[in-house]
Amino acid sequence: MPRAGLTTERVVAAAADLADEAGFESVTVSALARRLGVKDASLYTHVRGLHDLRARMALLAGGELIEEIAAAVAGRAGKEALAAFAGAYRAYALSHPGRYAATQIRVDPSLAADSPALRRTAEITYGMLRAYGLGEPDLTDAVRLLRSTFHGYCALEAAGAFGAPRDVQASWDRAVDALHVALEHWPAGD
């Protein structure tokens, strides 16, 4: 019988909070049970195990991230939309490190298929890129370029790996400028 007041949503939210505080890899069923003041077995009413919990965290965080991005890009197009998208992405990654780490895991396609957040992510991202006149397969390639660049930059920044005296924000802005130029001058496909 589920503990009163404990729902799947509350369990996943508590796991996401724990990830932000202690790191994504620190989230275990036992650690979460201790945080919630319950026995490990109580959580299995709400999640099937650690893999399921982490996948649900990924969907929660992905939904939060795309809502912040959607708000940032609303009413914008081209370079302005790209800069807003990039800024919202980076802000989320740096302010929610555990949640952000969850967004990088591969989620079981059967769980992801029913995710409104993943559909919204595709709509927002592909919509922004269509303003650059891209169609498939270039859209997929451009999404991979943006994700790789944003993730790599955020991961390095979060780890304190940028040691040069150049302002990190200035470098970020130049990277976004370079991505804009690349998208505007996308090479013709084969």
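Right above here is the structure, for reference.
A brief report on the enclosed structure follows. (Residues numbered from 1 in each chain as written. Predicted model: local features only at pLDDT ≥ 70, side-chain atom pairs only at ≥ 80, totals over all residues. Heavy atoms only, no water.)

1. Observations concerning the side chain of Asp52
Mapped onto the elements of the fold, Asp52 is located in helix α4 (residues 50-73). Judged by its relative accessible area of 5%, Asp52 is buried. Once residues lying within four places of it in the same chain are set aside, the contact partners of Asp52 are Val47 and Leu111. (Helix = DSSP H or I, 4+ residues; strand = E, 2+ residues; numbered from the N terminus. Buried < 20%, exposed > 50% of the residue type's maximum accessible area, 1.4 Å probe, protein only. Contact = heavy atoms within 4.5 Å.)

2. Considering the nonpolar core
The biggest cluster of nonpolar side chains holds 33 residues, and the ones touching the most others in it are Ile69, Leu82, Leu129, Leu146, Phe150 and Leu183. Elements represented by at least two residues in this core include exactly α4, α5 (78-95), α8 (116-130), α9 (138-158) and α10 (168-184). Beyond its immediate stretch of four places on either side in the chain, Leu183 contacts Leu82, Leu129, Tyr132, Leu134, Ala142 and Leu146. Ranked by size, the runner-up nonpolar core spans 24 residues in total, among them Leu6, Val27, Val29 and Ala102. (Core = buried A, V, L, I, M, F, W, Y, C linked by side-chain atoms within 4.5 Å.)

3. Notes on the packing of α9 against α10
Running from N to C, α9 and α10 point in directions that differ by 170°, and their axes come no closer than 12 Å. Here α9 lies roughly antiparallel to α10, going by the angle between them. Side by side, α9 and α10 meet where Ala142, Leu145, Leu146, Thr149, Phe150, Tyr153, Cys154 and Glu157 of the first sit next to Val168, Ser171, Trp172, Leu179 and Leu183 of the second. (Axes fitted to C-alpha atoms, helices over the stretch in contact; angles between N-to-C directions. Parallel < 35°, antiparallel > 145°, perpendicular 65-115°, else oblique.)

4. Quick notes on the side chain of Arg90
By the element assignment, Arg90 lies in helix α5. When neighbours within four sequence positions are excluded, Arg90 is seen to be in contact with Tyr153, Cys154, Glu157, Val168, Gln169 and Trp172.

5. Remarks on α9
Given a rise of 1.5 Å per residue, 21 residues ought to cover 30 Å, and the 30 Å separating the end C-alpha atoms of α9 matches this to within 8%. For α9, the full list of buried residues reads Asp138, Leu139, Ala142, Leu146, Phe150, Tyr153, Cys154 and Glu157. The buried residues of α9 occupy an angular sector of 115° when the element is viewed end-on, so they sit on one face. Those residues of α9 that are exposed and aimed more than 90 degrees away from the buried face are Arg144 and Ser148. Each element contacted by the buried residues of α9 is listed here: α5, α8 and α10. (Expected span 1.5 Å × (residues − 1). Arc of directions from axis to C-beta.)

6. A look at the pattern of salt bridges
Using the criterion set out here, one finds 12 salt bridges in the structure. Here Glu67 and Arg120 are joined by a salt bridge, their closest N and O atoms 2.9 Å apart. Residue Glu67 is located in helix α4, and its partner Arg120 is located in helix α8; the two are separated by 53 residues in the primary sequence. Put simply, Asp177 and Arg174 hold a salt bridge, and the shortest N to O gap is 3.8 Å. Of this pair, Asp177 and Arg174 both sit in helix α10, three residues apart, which is roughly one turn of that helix. (Salt bridge = Lys/Arg side-chain N within 4 Å of Asp/Glu carboxyl O.)

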